[in-house]
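# Summary of the model geometry
One-letter residues, chain by chain:
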Amino acid sequence: MSITALKGFKDILPDEVGLWQLIEATARDIFHRFGFAEIKVPILEKTELFARSIGEATDIVEKEMYSFTDRNGESITMRPEGTAAVLRAFIEHSLHAKLPVQKLYTVGPMFRHERPQKGRLRQFHQLSCEVLGSELPRLDAEVIAMAWLLLNELGISVRLEINSLGCPQCRPRFKETLVQFLADRAGKLCDDCERRRNTNPLRVLDCKSSHCQEQYVAAPSILDHLCPECSGHFAIVKESLSALAIPFRVNSFMVRGLDYYNRTTFELVTDALGAQSAVGAGGRYDGLIEQLGGPPLPGIGFAMGMERLVLLLQQQAGDTSNGPATDLFIAALGEEAQQLAFPLLHGLRRAGLKANMDLEGRSLKSQMKQAGRADAAFTLILGEDEMSRKVAVLRDMSSREQEEIALPTELDPWCQELARRIR
Ligand code: HAM
């Protein structure tokens, strides 16, 4: 039996590499225009670096890190993000002594033991940028503008959401009010929110459960609790974004999954990737350098997920070309199956799918090969056994997952429903 890649770990094959190169080259060009320099940092770091920066009570540190004890008995972690490692290097090499404000970027793989799905992998790649040494709000806008320009030049359209998480002076008051609000709703929240109510109350606000979201409609807003300094800072960030004609929406529920943020946070989101809506995200982390043993310097940055950028570019190419890509290939075996498949094929095409089948009725192996060559996203298998049980097998050609679905009683509604599902 052959050995396959680990779940959530993906090979990038030759026909995809061009897009990766395009994204990286565009990013480097833009980062250099904004005065950023590249830094390369190790993939393995001491576990303590991430625990101290990302936060002990975050999902990443609690349950997603690839950590192990090495041969010397030291706890080591495969980096789940780039910021902590870049800051460690910045401090270790006293880079602040060379320039008052350092603009650094790094490109490379990150590792998180998450549940893999479209746009979410266990090994993924980030373009990660940090500006260290200034707390000027205009700089926040400049960093966001750089991310915005990169997506623009790649032809990817997203929405920008921003928020301010306040500072150690004003956030505790907000936290207290929020904890009280949540205590009043104890027992009415999902298990995750019930747990986070005590461990990491801010995180409840971006819970995905619609039931919890209904509860949080009346939740207190961090923006009403900002101190005058944070409020003034956020006002200038917004003004500066407007001066650059960058549209944004303030989302006071955006709290981010890493603990190191304060003041400005932002996300670049899309509806085109299903559940994985963030193409890029970041924010300010003014106390972090000091917390990691460095000088008391502020910082801000963001990271973009390269797999998500590739998916978006691929989808757009699919939208604009009439290329050979096939949504669904029907593999029908035997005369009875062929007879059913022929009108089904037409019905699926009427329902808007790029559908195809082998009218010659060759062997299953040969038909599956044709589906592969046609670059089909799904195959619908109608074998003799399936026909006798009045089902068909729907196979996702990339994940290789398959499931049985009942054969149509009414052709058109069945085809429309299938088209909705797989598109
Ligand atoms: P993050 O929000 O955890 O932030 O990740 C940034 C981006 O990386 C996400 O928006 C997404 O595009 C991508 N990403 C994250 N997890 C995965 C995954 N499992 N599979 C595929 N893509 C993923 C950070 O990592 C911060 N270090 C960003 C930052 C830099 N903040 C300040 N400086």
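Residues numbered from 1 in each chain as written. Predicted model: local features only at pLDDT ≥ 70, side-chain atom pairs only at ≥ 80, totals over all residues. Heavy atoms only, no water.

### Quick word on the overall build of the protein chain
Convention followed: Every helix listed is a DSSP run of H or I at least four residues long, and every strand listed is a run of E at least two residues long, numbered separately from the N terminus. Three exposure classes are used, based on accessible area relative to the maximum for each residue type with a 1.4 Å probe and protein chains only: buried under 20%, partly exposed in between, and exposed over 50%. Every residue pair with non-hydrogen atoms within 4.5 Å of one another is taken to be in contact. In short, Shrake-Rupley with a 1.4 Å probe defines the accessible areas, and a residue's cover is counted only from the protein chains shown. Counting rule for charge: Lys and Arg are taken as positive, Asp and Glu as negative, and neither His nor the chain ends is counted. Charged groups are reduced to one reference atom each: NZ for lysine, CZ for arginine, CG for aspartic acid, CD for glutamic acid.
Summing up its helical and strand segments, the protein chain has 15 helices and 16 strands in all. Principal-axis analysis of the C-alpha atoms gives the protein chain an extent of 75 × 50 × 50 Å. Here the protein chain holds 423 residues, and 52% of them are scored as buried. Partitioning the intrachain contacts of the protein chain with sequence separation of at least 6 by distance along the chain shows that 69% fall at a separation of at least 24. For the protein chain, the exposed area adds up to about 20,900 Å²; of that, 51% sits on carbon and sulfur atoms. Computed over 50 positive and 56 negative side-chain charges, the separation of the two mean positions in the protein chain equals 1 Å.

### Quick look at the domain arrangement of the protein chain
Here is the rule we go by: As used throughout, domain bounds are those supplied by an automatic or database domain assignment.
Domain parsing of the protein chain yields domain 1 (14-170 + 226-317) and domain 2 (326-422). The centre of domain 1, based on its C-alpha atoms, is set 43 Å off from the matching centre of domain 2.

### Here we look at the confidence of the model for the protein chain
Just so we agree on the cut-off: The pLDDT value tells you how sure the predictor is about a given residue, anywhere from 0 up to 100.
Overall, the predicted model of the protein chain reaches an average pLDDT of 93, with 98% of residues at or above 70. Between residues 319-324, whose pLDDT stays under 50, and residues either more than four places distant or in other chains, the model counts two contacts.

### Details of the site of the ligand
How we decide: Throughout, near means a residue has at least one heavy atom within 4 Å of the molecule or strand. Under this definition, polar contacts are N or O atom pairs within 3.5 Å; protein pairs additionally need one hydrogen-donor-capable and one acceptor-capable atom, and for neighbouring residues in sequence, both atoms have to be side-chain atoms.
For the ligand, the set of nearby residues contains 27 residues, the closest of which are Glu81, Glu114, Glu130, Arg256 and Tyr261. Contacts to the ligand include Tyr260, whose side-chain N or O atom sits 3.0 Å from a nitrogen atom. Computed on the free molecule, the ligand has an accessible area of 660 Å², of which 96% lies beneath the protein chains in the complex. Within the residue set of the shell around the ligand, elements represented by two or more residues are strand E6 (123-132), strand E10 (278-284) and strand E11 (299-305).

### Things to note about a nonpolar patch on the surface
Note the threshold: Residues enter patches when they are more than 30% accessible in relative terms and free of salt bridges; like-charged ones are connected within 9 Å and nonpolar ones (Val, Leu, Ile, Met, Phe, Trp, Tyr) within 5 Å. In the sections that follow, a salt bridge refers to a side-chain nitrogen of Lys or Arg positioned within 4 Å of a carboxyl oxygen of Asp or Glu.
A cluster of nonpolar side chains, namely Ile43, Leu44 and Phe68, defines an oily patch on the protein surface of about 240 Å² accessible area. Within the secondary structure, Ile43 is located in the loop between strand E1 (37-38) and strand E2 (44-46).

### Details of the pattern of salt bridges
Evaluation of the coordinates by the stated rule reveals 28 salt bridges. For the salt bridge of Asp206 with Arg203, the shortest nitrogen-to-oxygen distance reads 3.4 Å. Its salt-bridge partner being Glu417, residue Arg420 comes within 3.0 Å of it at the nearest N-O pair. Here Glu417 and Arg420 lie together in helix H15 (residues 411-422), a separation of three residues that amounts to about one turn. Residue Arg420 is classed as exposed on the basis of its relative accessible area of 60%. Counted as one network, the salt bridges with shared partners bring together Glu24, Arg28, Glu38 and Lys40.

### Observations regarding the packing of helix H2 (residues 47-54) against helix H4 (residues 83-92)
To keep it simple, the criterion reads: For helices, the fitted axis covers only the stretch in contact; all axes are lines through C-alpha atoms, and the angles between them, taken along N-to-C directions, range from 0 to 180 degrees. Note on terminology: angles under 35 degrees are roughly parallel, angles over 145 are roughly antiparallel, angles of 65 to 115 are roughly perpendicular, and the others are oblique.
Direction vectors running N to C along H2 and H4 enclose 105 degrees, while the axes themselves pass 10 Å from each other. Considering their axes alone, H2 and H4 lie roughly perpendicular with respect to each other. Across the interface between the two elements, Leu49, Phe50 and Ser53 of H2 pack against Ala84, Ala85 and Arg88 of H4.

### Examining helix H13 (residues 364-373)
The following threshold applies: Note that the arc is defined by the directions from the helix axis to the C-beta atoms.
Considered for burial, the residues of H13 that qualify are Gln367, Met368, Gln370 and Ala371. Across the axial projection of H13, the buried residues extend over an arc of 155 degrees, all falling on one side. In H13, the exposed positions that point more than 90 degrees away from the buried face belong to Lys365, Lys369 and Arg373. Turning to H13, the residues buried within the fold contact strand E12 (326-332), helix H12 (335-350), strand E14 (376-382) and strand E15 (391-396). Among the residues trailing H13, Asp375 stands out with phi positive, at a value near 65 degrees.

### Things to note about the environment of Val310
Position of Val310 relative to the elements: it lies in helix H11 (residues 306-320). When the C-alpha atoms of Val310 and Gly119 are compared, they prove to be 9.4 Å apart, with 191 residues separating the residues in sequence. Not counting chain neighbours up to four residues away, the residues in contact with Val310 comprise Glu16, Leu19, Trp20 and Ile23.

### Re the nonpolar core
What counts is decided by this rule: What is meant by a nonpolar core is a set of buried Ala, Val, Leu, Ile, Met, Phe, Trp, Tyr and Cys residues, joined one to another through side-chain atoms within 4.5 Å.
Counting 49 residues, the largest nonpolar core has Phe90, Leu205 and Tyr216 as its most contacted members. Within the residue set of this core, elements represented by two or more residues are H2, helix H3 (59-64), H4, helix H6 (171-183), helix H8 (210-216) and helix H10 (288-291). Ranked by residues supplied to this core, first place goes to H4 with seven residues. The residues touching Phe90, leaving out its near neighbours within four places in the chain, are Leu95, His96, Gln102, Leu104, Leu132, Ile289 and Leu297.

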